[in-house]
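As a plain string of letters, each chain reads:
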Amino acid sequence: MSDVPSAIGRVAEPGAPRALPVLDVADIAKTFGGAKALRGVSFSVAPGEVHGLLGKNGSGKSTLVKILAGFHAPDHGGRLAFNGEMVDLPLKPGDFRRLGMSFVHQNLGLVPSLTVLENLRFAHLTTARSGYIDWRAERAAAREALGRFGLSIDTAERVDRLSPVERALLAIVRAFEEIRVACAATGKPGLVLLDEPTPFLPREGVEKLFGLIRSIAATGSSVIFISHDIDEVMTITDRITVLRDGALAGALETAKATHEEVVEMIVGRRIARLGTPGHQAAVAKPAFLRVSGVAGGALAATDLVVGKGEILGVTGLIGSGYEELPYLIFGARPCRAGALDFVDGAHVPLAAMSPKRALDLGLALLPGDRQGASGVDSLPIVDNMFLPDVDRFFRFGLLNRRAMVREAFALGTRYEVRPNDPAMKLSALSGGNAQKVLIARWMNRNPRLLLLDEPTQGVDVGTRVQIFAALRAAAAAGMSVLCASSDAEQLAEICDRVLIFARGRVCAEITGPDLTKDGIAEACYASIDLTGRTAPAAPALAS
Amino acid sequence: MTETVSTMTQARPAGLHLGRLFERIALLVVWVGLIAIFGALMPQSFLNWGNFSIIFASYAPAALLALAIIVPLTAGDYDLSVGATLTLSSALIGVLNVWHHLPIGLVLVLALAAGAVVGAVNALFIIFFRIPSLVVTLGTTSLMTGIVQWMTNSSTIGGIDNALVMAVVGGRLFGVPYAFYYAAAAVVVLGYVFDYTPLGRRLLFVGRGREVARLNGIAVDRVRFGALIASGVLAAAAGIVYAGVLGSADPYSGLNFLLPAFAAAFLGATTILPGRFNPWGAVVAVYFLATGITGLTMLGIPLWVTNVFNGGALILAVTISQLTRGREASDIG
């Protein structure tokens, strides 16, 4: 399976390049409290190679990255060699730098309010031994680093004024700079790992980024490129390693592989190509809300219909814009355009939408960021539960605290909050129980449409089941639900219908027998392919 | 209800309950202890009602100021300008009433209105231009101090209408001048708003989680705006009481209340309702600090000790409160 001779005693295939692999891992496994996240993964990266690492959500990619970064300790028995030298596992945080590895994570790790120079020379500026910063030399070094890749970014510019593409390029240049000096000293190649650097970039930006990646590879160092976008991976990589369910699903040489082979390896079985969308499938349930032309963030103008009592899932690959939808409909984020038409005839332009208005219209939003946007940890459960409707308890000039606590206790019992003590702070509850409190908050108001963003993230399995049951019961009673989630399994379990987004547009609709975990995952990958070929005029769902 | 309460109490270890109860009254206990110590040292001069009635009256402006501070603080904004607003308000009374002979009733209304204007200006920069509240209110402090010096020619203005003086320190109830009861009334009103109205809940959620509040349909900006205006009005009221206590308008000494009032606001958040800025705790803290300072002064201890006492008490109390709460994250700030 490896084209590269291994330092760990795997036999090299005949005719393979003779160079020692930069990174060679073997039998890396990781167990989280009984759940196997990785089951003995082996792969190697040759010098000067761009190596794609692919897999669905939960396939073990991020666990592997975190092991390399020294964040997780792998199970006993794994081996790792860097440039032919065995390295003791587990790695300590920061070890990767010493070895000659550096990471660019999706959030890029730049400080927006500081200049390009300060960001680029961050490590050097904060650890310089001399106790004196020679700004002239620093500036020259920064210009040289950028110039090496033909980038003309003003070193005095603040990072938040750069375009998204420039920011990504800057982060990658910085990652390469971190290893360049060490590599020059030892004469051995280094490794830059790019974890989903592209999902929010426009096409031209991706081209620039690829140019940079090729330049890095040309210096003899290697790049690991992690992405969901198979087209991109096919374009830039030399070889591809695919993980599935924590195990190695296979390794491919990019030039000899086809798009379909890669998708098949990721999903685990042959997938039928999706037909061209464009016909709005019949909504089995009577329409409750028609959303037309909603656009904002990464989401392009989108039309969709939510049925009464329907649980509608929206999903897609990262950066496809589906996750914006609940917030845009609720008026929580600025909308470029769009309007809502309710079945009762109410017409609301989204530009005029606000959370207050949304609540008055009978909408409710459970954000994905539980601590930052959904509940206040430092305040009691009862106050969190009744935040949107404290007014209900204000009678005769007094807030009826006893009634609040009594009702919170009853709600807590119904939603099985444990421990059920409304006077306790929200922070005293586990993630799952806190989420129950916040769901109870909205369900208790009997909203006409409940908007959810990753409702079961960081929630234990038992709680998940309870939350699903509550959602189904409410839907059966006529509440509509729109659930944005990257978790195909969850969507398959609760949704009546799932819309797949790609590049900011709805590109497929799944109902009926296709509505399975694998079906959704397949559609996600097939979708990117579809829009990729037909963009920018990809057909949106309705009208 | 009784059933649920009993199950809830059983669920909690008894030790925790006692610890929490002690935390609530700790500052009161320390206050009583402080009185006992000074009383033992100076049974004649310290332990008499006259002394206490002076403490209660002369620190009433500080108590009002501490209340002015905790309103925007609960909503998540610092208002450092309350000290200067107090000065501005009392200087306005002096200038308009003594120099321009405006009737005292109208002057008081104008003083309160000036406080509201200060709050609105602060809010304008903090909320609409998104400038940190610390910066804005530090700026308006200096700005108002300058205006006061211009207005008063940097001189103390004596001879304020006797009606005000009589209303503030002229009459006594249980031997304590009225000034104290104005502060006490403000505490009751604020306590009511904080704990018994939906507005109080909104204020709290806006301070603890702006995004949470916004997504729950609360008009976050309006709540913050209102809190800053309330702060200005309360600080102006403190200025009125201060002018009444002194019988004159002093363009300089008002700022001296700022630090003790801030200390009291934070110190008060460790008591009565620990972990929250609360009016009851703030006032207890004001009088705790006042007792300490008065006692030390009467013992003939040099003036610098009072500053050390103020600062030391604040840091010590907040630290002890944090230690007793263990891993729990601080609720303040």
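Please read all numbers here as calculations on a predicted model, not as lab measurements.

**Some details on the overall build of chain A**
Summing up its helical and strand segments, chain A has 18 helices and 22 strands in all. For 543 residues, the compact-globule formula gives about 24 Å, and the C-alpha radius of gyration of chain A, at 26 Å, lands near that figure. Viewed in the frame of its principal axes, chain A has a C-alpha envelope of about 80 × 60 × 45 Å.

**Remarks on the overall build of chain B**
Secondary structure assignment for chain B yields 15 helices and four strands. On C-alpha atoms alone, chain B measures out to a radius of gyration of 21 Å, which is about the 20 Å that the 2.2 N^0.38 rule sets for 333 residues. Taking the principal axes of the C-alpha coordinates as reference, chain B spans close to 65 × 55 × 35 Å. Classification of the 333 residues of chain B by burial places 48% in the buried group.

**Some details on the sheet that holds strand 8 (residues 222–226) of chain A**
Residues and elements named next belong to chain A. The strand order 6-7-8-3-9-10 describes an open sheet built from six strands, whose pairing is mixed. Looking at which strands have only one partner, the edges of the open sheet turn out to be strand 6 (101–104) and strand 10 (247–253). Shown here is a sheet whose adjacent strand axes are inclined to one another by a mean of 20°, direction ignored. The sheet contact formed by strand 3 (residues 50–54) and strand 8 spans four bridges and is parallel. From the neighbouring strand, valine 50 faces strand 8, where its bridge partner is valine 223. On top of the sheet, helix 1 (residues 61–68) reaches strand 3, strand 6, strand 7 (191–195), strand 8 and strand 9 (239–244); it is set at about 145° to strand 7, its chief contact.

**Observations concerning the packing of helix 8 (residues 162–170) of chain B against helix 12 (residues 220–246) of chain B**
All names here are of chain B. One can describe the packing of helix 8 onto helix 12 by two numbers: an axis separation of 8 Å at closest approach and a directional angle of 95°. Considering the angle they form, helix 8 stands roughly perpendicular to helix 12. Of the residues in helix 12, those in contact with Leu164, Val165, Ala167, Val168 and Val169 of helix 8 are Val241, Ala243, Gly244 and Val245. Here the contact of helix 8 with helix 12 is built from residues that sort into eight nonpolar, one polar and no charged.

**Section: the domain arrangement of chain A**
By domain assignment, chain A separates into domain 1 (23–267) and domain 2 (365–446). Put simply, the middle of domain 1 of chain A and the middle of domain 2 of chain A, counted by C-alpha atoms, are 43 Å apart.

**With respect to the environment of B:Ile104**
Residues and elements named next belong to chain B. Note on placement: isoleucine 104 falls in helix 6 (residues 104–128). Look at isoleucine 104 and you get partly exposed, because 18 C-beta atoms sit within 10 Å. Spatially, the C-alpha atom of isoleucine 104 lies 7.8 Å from that of isoleucine 93, the residues being eleven residues apart in sequence. Apart from the residues within four sequence positions on either side, isoleucine 104 is in contact with Asn97, Asp161, Ala163 and Leu164.

**A word on the interface of chain A and chain B**
Listed by partner, the interface residues are 26 residues for chain A and 21 residues for chain B. Looking at the side of chain A that touches chain B, the elements that each hand over two or more residues are helix 11 (355–360), helix 12 (370–374), strand 18 (398–399) and helix 14 (401–414) of chain A. Looking at the side of chain A that touches chain B residue by residue, the classes come out as 16 nonpolar, four polar and six charged.

**Re the pairing of strand 16 (residues 363–366) of chain A**
All names here are of chain A. The two faces of strand 16 match: Leu363 and Leu365 on one face and Ala364 and Leu366 on the other face are all buried. Alignment of strand 16 against strand 19 (residues 449–453), held across four bridges, turns out to be parallel. Note on strand 19: the bridge partner recorded for leucine 366 is leucine 452.

**Let's talk about the sheet that holds strand 22 (residues 505–511) of chain A**
Strand pairing within a sheet occurs via backbone hydrogen bonds; the two strands may be parallel or antiparallel. Residue and element names in this part refer to chain A. Across the sheet, six strands lie side by side as 16-19-20-13-21-22; this open sheet has mixed pairing. On the outer flanks of this sheet lie strand 16 and strand 22, each paired with one strand and no other. Ignoring which end each strand starts from, the neighbouring axes of this sheet average 20° apart. Both strand 13 (residues 311–316) and strand 21 (residues 497–502) contribute to a ladder of five bridges, which runs parallel. Each bridged residue has a counterpart across the sheet, and for valine 314 the counterpart in strand 21 is leucine 499.

**Digging into the pairing of strand 22 of chain A**
Residues and elements named next belong to chain A. Across the seven residues of strand 22, six count as buried, placing the element largely inside the fold. The pairing of strand 21 with strand 22 spans six bridges and is classified as antiparallel. Looking across to strand 22, one finds that arginine 497 is bridged to threonine 511. The turn linking strand 21 back onto strand 22 is made up of two residues, and arginine 503 within it adopts a positive phi angle of 45°.

**Focus on the nonpolar core**
With 263 residues, the main nonpolar core has B:Leu64, B:Leu65, B:Ala66, B:Ala265 and B:Val286 as its most contacted residues. Per element, the largest residue contribution to this core is 19 residues, and it comes from helix 12 of chain B. Counting residues domain by domain, this core receives three or more from each of domain 1 (23–267) and domain 2 (365–446) of chain A. Among residues more than four places away in sequence, those in contact with B:Ala66 are B:Ala261, B:Ala264, B:Ala265, B:Gly268, B:Ala282, B:Val283 and B:Val286.

**Looking at the packing of helix 10 (residues 198–208) of chain B against helix 12 of chain B**
Each pair of packed helices can be summarised by the angle the axes make with each other and by the distance between the axes. Residues and elements named next belong to chain B. Where helix 10 meets helix 12, the axes come as close as 10 Å, and the angle between the chain directions of the two elements is 105°. One way to sum up the angle between helix 10 and helix 12 is to call them roughly perpendicular. Contact residues: helix 10 offers Arg202, Leu203 and Val206, while helix 12 offers Val220, Val223, Arg224 and Ala227. In the contact of helix 10 with helix 12, the residues fall into five nonpolar, no polar and two charged.

**Description of unusual backbone geometry**
The step from A:Arg418 to A:Pro419 runs through a cis peptide bond, and the omega angle for that step is -10°. Within the secondary structure layout, A:Pro419 lies in the loop between helix 14 and helix 15 (431–443). Its identity as a non-glycine residue notwithstanding, A:Asp27 has a phi of 55°, on the positive side. Secondary-structure assignment places A:Asp27 in strand 1 (residues 23–32). Located in the positive-phi region is B:Arg130, a residue other than glycine, with phi close to 55°. Inspection of the secondary structure puts B:Arg130 in the loop between helix 6 and helix 7 (133–152). According to the C-beta neighbour criterion, B:Arg130 is exposed, with 7 such atoms within 10 Å.

**Observations regarding the environment of A:Val465**
All names here are of chain A. Relative to the assigned elements, valine 465 resides in helix 16 (residues 461–476). Judged by the 12 C-beta atoms lying within 10 Å of it, valine 465 falls in the exposed class. With 28 residues separating them in the primary sequence, valine 465 and glutamate 493 have C-alpha atoms 9.9 Å apart.

**Let's talk about helix 16 of chain A**
Residue and element names in this part refer to chain A. Under the 1.5 Å per step criterion, the end-to-end length of helix 16 is 23 Å for 16 residues, consistent within 8% with the ideal 22 Å. Restricting attention to buried positions, one finds in helix 16 the residues Thr463, Ile467, Leu471, Ala474 and Ala475. Down the axis of helix 16, the buried side of the element spans an arc of 105°, and every buried residue falls inside it. Helix 16 presents Val461, Gly462, Val465, Ala469, Ala473 and Ala476 as exposed residues on the side facing more than 90 degrees away from its buried surface. Taken together, the buried residues of helix 16 touch strand 13, helix 15, strand 20 (480–484) and helix 17 (488–494). Once helix 16 ends, the next one or two residues include glycine 478, with phi positive near 110°.

**A short note on the environment of A:Gly58**
Take A:Gly58: it is sitting in the loop between strand 3 and helix 1. In this structure the C-alpha to C-alpha distance between A:Gly58 and A:Ala351, which are 293 residues apart in sequence, comes to 37 Å.

Parameters and conventions
Residues numbered from 1 in each chain as written. Chains lettered and ligands numbered in written order. Predicted model: local features only at pLDDT ≥ 70, side-chain atom pairs only at ≥ 80, totals over all residues. Helix = DSSP H or I, 4+ residues; strand = E, 2+ residues; numbered from the N terminus. Rg over C-alpha atoms; globule rule 2.2 N^0.38 Å. Buried ≥ 20, exposed ≤ 12 C-beta atoms within 10 Å, placed from the backbone. Pairing = 2+ DSSP bridges. Axes fitted to C-alpha atoms, helices over the stretch in contact; angles between N-to-C directions. Contact = placed C-beta atoms within 7 Å. Parallel < 35°, antiparallel > 145°, perpendicular 65-115°, else oblique. Nonpolar A, V, L, I, M, F, W, Y, C, P; charged D, E, K, R; others polar. Domains from an automatic or database assignment. Core = buried A, V, L, I, M, F, W, Y, C linked by C-beta atoms within 7 Å. Expected span 1.5 Å × (residues − 1). Arc of directions from axis to C-beta.

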